[in-house]
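An overview of the molecular structure
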Amino acid sequence: MAKISQALLTERRRELEWRAKDDARTLADAENIRTDQVRLKRAQKQADKMAKDREKEALAMKKIARPMNEKKVNKSVKKKKGTKQR
């Protein structure tokens, strides 16, 4: 049992070390992008394009979801009409 616990701790430490190294590389890349104006402008332009694409995708999802929501509302309205009011 102790060997399993030790193995899990060792695996967790390796995972944390890998994550820290990966984060360090990510931060270094981000700093390089921030200091290179051409690269930064390209990244900002791409981020804007990606955001617009996501907005279009979200709008398409809303169009799909709306009929489902309307059906639920219509069902509840029909139920209310059929009930006796005091």
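Details of the structure are given in the entry above.
Scope of this entry: the structure provided in the associated data block. (Residues numbered from 1 in each chain as written. Predicted model: local features only at pLDDT ≥ 70, side-chain atom pairs only at ≥ 80, totals over all residues. Heavy atoms only, no water.)

1. Observations regarding the overall build of the protein
Within the protein, the secondary structure is distributed over 2 helices and 0 strands. Accessible surface computed for the protein: about 8,800 Å², of which carbon and sulfur atoms make up 57%. (Helix = DSSP H or I, 4+ residues; strand = E, 2+ residues; numbered from the N terminus. Areas by Shrake-Rupley, 256 points an atom, 1.4 Å probe, with all protein chains shown as cover.)

2. Overview of the pattern of salt bridges
Overall, the coordinates contain 8 salt bridges when judged by the stated rule. Two residues, Arg12 and Glu15, come together in a salt bridge whose shortest N-O distance is 3.4 Å. Of this pair, Arg12 and Glu15 are both found in helix α1 (residues 2-35), 3 residues apart, which corresponds to roughly one turn of the helix. A relative accessible area of 41% means that Arg12 is categorised as partly exposed. Judged by relative accessible area, Glu15 falls into the partly exposed class, the value being 34%. A salt bridge links Arg34 to Glu31; its shortest N-O distance comes to 2.6 Å. In this pair, Arg34 and Glu31 both sit in helix α1, 3 residues apart, roughly one turn of the helix. For Arg34, a relative accessible area of 48% corresponds to the partly exposed category. Sharing partners across several salt bridges, the network here consists of Arg12, Glu15 and Arg19. (Salt bridge = Lys/Arg side-chain N within 4 Å of Asp/Glu carboxyl O. Buried < 20%, exposed > 50% of the residue type's maximum accessible area, 1.4 Å probe, protein only.)

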